[in-house]
Each structure stands twice: as structure tokens, then as C-alpha cells.
Amino acid sequence: MPNRILLIARRDYLQTVQSKAFLLGLVLLPLLFGSGFFALALANKMDTKAQRIAVLDGTGIAAAAVIQACQEATQKAIRETPAALAFAPHYVFEEVKPEADQAAQLLSLSDQIRRGEIFALVDIAPGALHPSGDTSQPDVRYYANSSGLVDPLSLWLPAAVNDGLRHVRLVQLGLDQERVADVMRDDRVVSMNLVGKSPSGAIAGGEKRSLQSGFVAFFLVFLLFVIGTFGSASNLSAVAQDKMQRVFEMLLTSASPFELMAGKVLAAVGACLTSSTLYILAGLAALAGMAMIGLAPLHLIPWFFVYLIADVVLLSALAVALGSACANPQDAQQLAFVLILPLYVPMFLLTPVMQHPNGPLALVTSFIPPFTPVLMLLRQASAAGVPAWQPWLGLLGVVAYGLAVAWAAARVFRIGILSQGKTLKLTDLAQWVLRD
Amino acid sequence: MPVVEISDVTKAFENVTAVDRLSLAVPEGSVYGFIGPNGSGKSTTMRMIVNIIHPDSGTFLVFGEERSGTRSNKIGYLPEERGVYRKMRVRSLLEFYGELRSGRNVTAEVNSWLERLGLASRADDKVETLSKGMSQKIQFIATVIPEPRLLILDEPFTGLDPVSADSIRGAILEMRSRGCTIILSTHEMAVAESLCDSIFMIFRGRKVLDGTLDSIQSRYGSDTIRVEVEGRSNALGHLPGIERINDLGQVQELRMAPGCDSQQVLETLVARTRVISFSVVKPSLHDIFVRIAGPQPEEAASASNAE
């Protein structure tokens, strides 16, 4: 590699990593990423006040069984939620005896909910144990002050209330408590990884699927997206600024346009590798400190860096070319939007790809070169994994696409840096690519 | 062998011909001045020499060869619209530029130039903290480190105070004495007269003057009278045989019409006022410039009609 490219890369790299924006971003990214979880954990710690839920039992005999089933469900929800994600309020269920004036009692209890004296009300209709078959009227009504969009109780409360009612029905059939408990026993269902063959031919796998390990792998994908996108996109405004300050013309007797561009791309790769290495080392240290190093997806880390380098080369070359075409700060803002917007496409595909990592949508989109780094890594991070050839083929596509983009970008850059005061048209860019 | 040889070069931007069938040769070891009004094609010609833009037709030979790219460790180029990395510190910036061109450590040269142009005390300051004049000196140093064999300076004196301009002028002359060929453009005729071995004037894309100051002045002959009289320009109105009066303040220059006798002009002046000094001289470069680039009689007439 010519020494001039390295000199330009060194200058740009040092300017980037010594800038306030880089140092601030280095601190802000984990803060922003972790703030949601910190907020949940903090809320959990602060949420020491028990939430009272009233059970208005119209049957007169089901309250105790329903309350017991709900309390067991509460404990189960707390037990099965990972500590890091724990956000389970402490619910206390209390029986309320029906009064003669049902409407007035419902109004009074609703007012108590509004005032925050109780959290919710479960209203069991008198005929709930033996419904008439009229499905137009619910047998159990649930009143709460929540919006209904995010209500953790709705995940388990209906099943728990039904368990309580079934318990009463079984007792009424004359079964003793031991047999009722046996009928009502809740069998655990555990998510497992698929079983496969190891390289030696032995059947392996089938371990319990860990939510935490999936979370750590997702963090790696998120890191790739954020660092790749923003580490590269900043090149656009930097090049536009250099062009507007007329820096390039003075450099052109010392370095060719290609050397200038290559140096800038190399500097962006260096800056992105610096920040991502710091984050990954910090993450591994944190996991080791919590005795959770086993959760680290070490097999993905080499792929992470390979994809990061490919992603940054691709995006930086584009950013540098677009930056060179800017005539003023407004151009730079508009083109930054044009550059970044398509990069969000993989983020919109995260959920379907995570749900079906080997489905047709995930398969096809992960082979579209601009999306490959994020989506292929996401698929590799899934419990199902991907066939070994797919990441290599995806990488081949990214490299081929990256070379084509870098070639076109270099042709735009050589003309763009000297084109002053001209408002950009997309047709100009196309002409610059094709011009000798 | 000329360091730069331009043959029949034409360059147009859309509908405007910036340079029209231009030919010139820059002798080795000379200071070659480009003069001409704004937009006449000086910077375009310089950018073509550096190969930043390409001619539509014609050839450029630099050191006897056609150039294929912009990069060359033999050429230093200071563009008219210039900028440097403003966030960098002065010494780092100059070392970066010098090392980029030469591929070697240039710390000693950087220190020497900073000392010479009075910027040693600002070596560790950021460029953005410097005054405009200091920034220009930094840009000049960035262009001359390491010393090139051909130095192309587009308006190097613009915005400089006399002391700074003198220091740059001294540096240019010293580089010439070491064999460097210098092409510079300027709007200051006094600079061109005192600094340049050869002067080239381009007007509306075409070469209108090319040669030494003496040869250019000789072409116009001794048709100028420089006088100093009581009453200054007020005493000079309606002098017979005088085409134009150029009022320089303390002194006035009178351009004689063809066939005008300077003795008759002197007699008329003596009859009008007290003459302090009177000499017949070759026209100044400024006067020649104005004769070529100033409004032509038909243009002046149409302008006055329009008013």
C-alpha cells in the first residue's frame, strides 16, 4: 500500500479519534443502549410498593382458589424472568365481598383504581363456575387503569383466573385435593436448541436455549449497525467540509484523488475498529466480572469484525463520494439522509429475521450485499444458525459489491472535490462515474 | 529546455472559452508572471499545468513530458482558493504536507521555514487560531516543502501586509537562485515589474503579452510623459496631442497620440503652469495593462450611451 495512503489515513484517523464527537459518542452509545435496561431495573428496584388487586367473587366460593392460582402465577412470572430484565411488580390479591348495589360497588372500586388505592379489579360473575353458554356476556371482567397496550398482567392473569375456577370445579366433582393438584399441575416447557452433528460425527447440541446469550448476540448485531453506519456516514460531512474549505486542491500535487479517498476510507475503518474493539473488550470484561463469560458468542466475533470492515469500506466509499459532490452544508445534510435511510432497512427486518432466521425472507435479504453484514450476522447469532457456506457466500457478495461501489465512488470523488459552487444533480453523479 | 511548454491549448466551460489557442514556454530558473484581469484564464491555465483540469485541445509538456496525473514531487502548487486543515497544529500540518509529497521526514525544513517567515513561536498552535496573513504564509510553506523544481503560485500576495509580502517575495527570489522555476499570477503590476523575469498577459482567454518587461515596454515605444506640475491634474486639461491622462496623485502620466511632439507639450505646459519635473518614458506595466484590459473606445461609448 502506498505510503501516502497510510499518511492520509493516519492524519484522518488521529483527527477522528481525538475529536470531541468521537469521544462523546464512545461514552454515549453504551449509555443510550443501556439506559432502557437501567430504567427498567431502576423502576423494579424502586417499585417496592405492593400493587393491590381486588377479586370481587360473585360465585361466593371461588375467591380463595383464584387468588391462590394468581399468586402462584405471579411467583412463576418473577422466577422465569431473567434478572437483567426483571420488571415484575409485587401483586397482592384481596377478596372483596359483593354488595347489594353492584353498580355502586363497581363505581366505588373504579374510583379507588383511579386514585391508585388499588391497581386492578377482577370481577367474577355469579355464574362463572357453570356458564350458561351465552358467550355474549363475559364470565370474568378485568378492570384496570392501564392503556391496555402494555399491561404485564394480561400475559398471565386470564390463565391464572381460569386455573382457579377449574380448581373449584374439580373439587365440586368430589376429587380430593391431592388429585386436584395432580390434574392442575403445570408442566414446564423449556426452549431448546436444535440437535446436530459435531465435526466428529457425534450427535450434539440440544442445550437449553438461553435468552441471555441471544441478548448478547443481538447486542453484537446492534453494535455492527450503529458503528458501521455512523462511523462511515460522518465521512460525508467531513469530506464536504474539507471541500468547502478548499483543502483538496492544495493536496492534489502531493496525492492522487484515489489515494486521498483510500486514506479516508482506511481511517474510517481504523476508527470503527477502535471503538468496536473497546466496546467488545468492555463487554467481555463485564460478562467475566459477572461470571457470565459463557454467554459471550465468541464464535461470532471474528465474523463481526469481517462484516464491520466490509461494511465500513462500502459505506465510507459512498459517503466520501457523496461528500465530494456537496457544494454547501445543505447538500451535505440532504445527502446524509440519502446515505443513511437505506441502511435502516435491515433494522426493520430484525423481527421477522429473528423469528424465522432460515425463512425465505431472511435468506433472501441476508444475501442483498448492503444488508448482508447486519442480517447475516443476525442469522448466525440465532440458535438455529446458518449453513457454513452462507456467510462466506454473503461475504463474497459484499466484497464484490464493495469493490464496484468503491470504483464508482473513486470516479465521483476525483471530479467532485474540484467541482465548486455547482448544485448537485443525480445525473451529474452518473456522468462523473462514466466520464474518462 | 522550457520547464513548461504549452502549445495551442484551448479550454471551454460550457459556452465560455476560458483559454483560446494559447501557447507559451516558461524558461527554466525564471520567475514567470501571469497577469490579466479577473476571469481572463490565468487560474485555468495554471490548473491545466498541474493537470487538475484537462484541455479540450492542445498539449502541455512539463519537464518535457505530458503529465498523466496531478501528483508530482517536482511541482509545488498554491491555488488561488486555498485551504488547509484548520484543526491541525501548524507543525503537524506542515510535516504532513511535506512528508506526503516527499515521502521522508521534513521536520528540519519545517523548522527552518517557520523560523524564516517568523512563525516559529506559533508552531504548536492550531491553524484556526492564526490570522489570515499567517495562514497564507503557512499555505506558502506547505507548498514549498520540500523544495520543488517548479513552483506555481496563484495570487500568492493577495491579502498580505507589506512585511509578509516582502518575506514571501524574498523566499521566491531565493528559490529562483537555487534553480527553481516559478510561475506566479498577480494583480499587482508593481510586483510583476519588480519580481518577474518574464511577463505573460492573458486577456479573454488569449495571450496578449509575452516577454521580458523591457521587450514589452519597447513594443509600445516611448509614448508616455511623466510630469509633476503645480496644480497637478487640474493644470493638464485639454492638452493638444494627449490621448489620455493617468493621474497617479503626485505624478501624472500623459499618453501621447501618434505624431505628437513632446517638446510642444512641454512648451504648452510651461505657458500654463510651473513644471517641477518632465520626462519622456516607456509606459508602465500598469498603463499597458489598462490599455489592453480597460474599456475599449467603442465599449466606453456604448456604456455612456446606455447611461
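In what follows, the accompanying structure is described. (Residues numbered from 1 in each chain as written. Chains lettered and ligands numbered in written order. Predicted model: local features only at pLDDT ≥ 70, side-chain atom pairs only at ≥ 80, totals over all residues.)

**So, helix H3 (residues 107-116) of chain B**
Residues and elements named next belong to chain B.
Point 1. Within the span of H3, buried status applies to Val110, Trp113 and Leu114. Looking straight down H3, one finds its buried side chains confined to an arc of 100°; they lie on one side. Projecting away from the buried face of H3 at angles above 90 degrees are the exposed residues Ala108 and Glu115.
Point 2. Contacts from the buried residues of H3 go to helix H2 (90-102) and helix H4 (132-144).
Point 3. A positive backbone phi angle near 70° is found at Gly118, which sits one or two residues after H3. (Buried ≥ 20, exposed ≤ 12 C-beta atoms within 10 Å, placed from the backbone. Helix = DSSP H or I, 4+ residues; strand = E, 2+ residues; numbered from the N terminus. Arc of directions from axis to C-beta. Contact = placed C-beta atoms within 7 Å.)

**What to know about the sheet that holds strand E1 (residues 4-13) of chain B**
Residues and elements named next belong to chain B.
Point 1. Here three strands make up an open sheet; going across it, the order is E2-E1-E4 and the pairing antiparallel. Strands at the two margins of the open sheet, each flanked by one partner only, are strand E2 (16-26) and strand E4 (57-62). Ignoring which end each strand starts from, the neighbouring axes of this sheet average 20° apart.
Point 2. Two strands pair when backbone bridges link them, and E1 and E4 are joined in this way by five bridges, in the antiparallel orientation. Counted as the bridge partner of Ile6 is Phe60 from E4. (Pairing = 2+ DSSP bridges. Axes fitted to C-alpha atoms, helices over the stretch in contact; angles between N-to-C directions.)

**Quick notes on the interface of chain B and chain A**
Point 1. In this complex, chain B contributes 25 residues to the contact, which on the side of chain A involves 16 residues.
Point 2. The set of elements that each furnish at least two residues to the side of chain B that touches chain A consists of strand E5 (75-78), H2 and H4 of chain B.
Point 3. At five residues, H2(B) tops the list of elements feeding residues into the side of chain B that touches chain A.
Point 4. Class assignment for the residues of the side of chain B that touches chain A results in 11 nonpolar, seven polar and seven charged. (Nonpolar A, V, L, I, M, F, W, Y, C, P; charged D, E, K, R; others polar.)

**Some details on the nonpolar core**
Point 1. Counting 130 residues, the largest nonpolar core has A:Leu224, A:Leu377, A:Ala409, B:Leu93 and B:Ile152 as its most contacted members.
Point 2. Per element, the largest residue contribution to this core is 15 residues, and it comes from helix H10 (residues 301-324) of chain A.
Point 3. Those residues in contact with B:Ile152 that lie beyond four places of it in its chain are B:Met46, B:Ile49, B:Val50, B:Ile75, B:Gly76, B:Tyr77 and B:Ile183. (Core = buried A, V, L, I, M, F, W, Y, C linked by C-beta atoms within 7 Å.)

**So, the sheet that holds strand E13 (residues 275-281) of chain B**
Residues and elements named next belong to chain B.
Point 1. Taken in spatial order, the four strands line up as E11-E12-E10-E13 in an open sheet, and their pairing is antiparallel. Of all the strands in the sheet, just strand E11 (242-247) and E13 have a single pairing partner and so form its edges. Each strand of the sheet is rotated relative to its neighbour by a mean of 20°, with strand direction disregarded.

**Considerations on the pairing of strand E10 (residues 224-229) of chain B**
Residues and elements named next belong to chain B.
Point 1. Bridge count between E10 and strand E12 (residues 252-256): four bridges; the pairing is antiparallel. Its bridge partner lying in E12, Val227 is registered against Gln252.
Point 2. One ladder, built from six bridges, connects E10 with E13; its direction is antiparallel. The residue of E13 that forms the bridge with Glu228 is Ser277.

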